[in-house]
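# An overview of the molecular structure
One letter stands for each residue in the lines below.
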Amino acid sequence: MFTSINDYVNRCGAFSPEDIAVFNSLLRSKSIKKKQLLLREGEICDFEAYIVKGCLRTFYIDENGSEVILQFSVEDWWVGDIGSFHERTPTLLYVEAMEDSDLLMLNPARKEELLARVPQFERVFRLMIQRHLSALEHRLIRTIAKTAEERYVEFIKQYPKIALRVPQHYIASYLGMTPEFLSKVRRRLATRRD
């Protein structure tokens, strides 16, 4: 259960077996079923969750009642609401399992205990947030500066495994288009390849 998260941590720095043991002792495992919500709008996010197995989506509901997908998260990624977790404020987001998923969870108190006992873990979480911020910046640039076709092609190149695991209407939402428009984009691209 801890192999993949320990590999993740060791890519961020050199940790002793004792440091890793402290980290592992503070994590809590959680299994959730497909379509189960891990977080709902209005709740305070009390977790940072590492995905051992599975696929989750993070979304909000817009003023028209439509789901707008912000992120897909798969193995070796973290999921949660950073702002709600750290500021202890209600979230605007939902996090839902798209597959049966196994997670390793860290709540605020356990995270603070970890950082007090093994301060080097600050680097792990700083790198995690940098990775997350970089992905959001690239997503924002793609959304503003790229055509629908370019956004779809980049999504498929960057996340080929996610594209195979996620229904097309969710990919359309993530890319900021209707499912019908995504179908047209895919047909145009298929015609060009022929």
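Data block above holds the structure.
First, a word on what this report is: a plain description of the structure on this page.

Each value, and the rule that gives it
Residues numbered from 1 in each chain as written. Predicted model: local features only at pLDDT ≥ 70, side-chain atom pairs only at ≥ 80, totals over all residues. Heavy atoms only, no water. Core = buried A, V, L, I, M, F, W, Y, C linked by side-chain atoms within 4.5 Å. Buried < 20%, exposed > 50% of the residue type's maximum accessible area, 1.4 Å probe, protein only. Helix = DSSP H or I, 4+ residues; strand = E, 2+ residues; numbered from the N terminus. Contact = heavy atoms within 4.5 Å. Pairing = 2+ DSSP bridges. Axes fitted to C-alpha atoms, helices over the stretch in contact; angles between N-to-C directions.

A few words on the nonpolar core. Counting 24 residues, the largest nonpolar core has Phe72, Phe155, Val166, Ile171 and Leu175 as its most contacted members. Counting residues per element, the ones that place at least two in this core are strand S4 (55-61), strand S5 (67-74), helix H6 (148-158), helix H7 (160-165), helix H8 (168-175) and helix H9 (179-193). Counting residues per element, this core draws most heavily on H8, at 5 residues. Not counting the four nearest positions on each side in its chain, phenylalanine 72 is found in contact with Leu56, Arg57, Trp77, Met98, Phe155, Ile162, Val166, Tyr170, Ile171 and Tyr174. Among the nonpolar cores identified, the runner-up in size contains 21 residues, and Ile5, Phe15, Ile20 and Trp78 belong to it.

With that settled, the discussion passes to the sheet that holds strand S8 (residues 101-106). Here 4 strands make up an open sheet; going across it, the order is S1-S8-S3-S6 and the pairing antiparallel. Looking at strand neighbours, the two that pair on one side only are strand S1 (28-32) and strand S6 (78-79), the edges of this open sheet. With 2 bridges joining them, strand S3 (residues 48-53) and S6 adopt antiparallel strand pairing. From the neighbouring strand, alanine 49 faces S6, where its bridge partner is valine 79. Each of S3, S6 and S8 is contacted by helix H1 (residues 3-12), which is oriented at about 120° to S3, the strand it contacts most.

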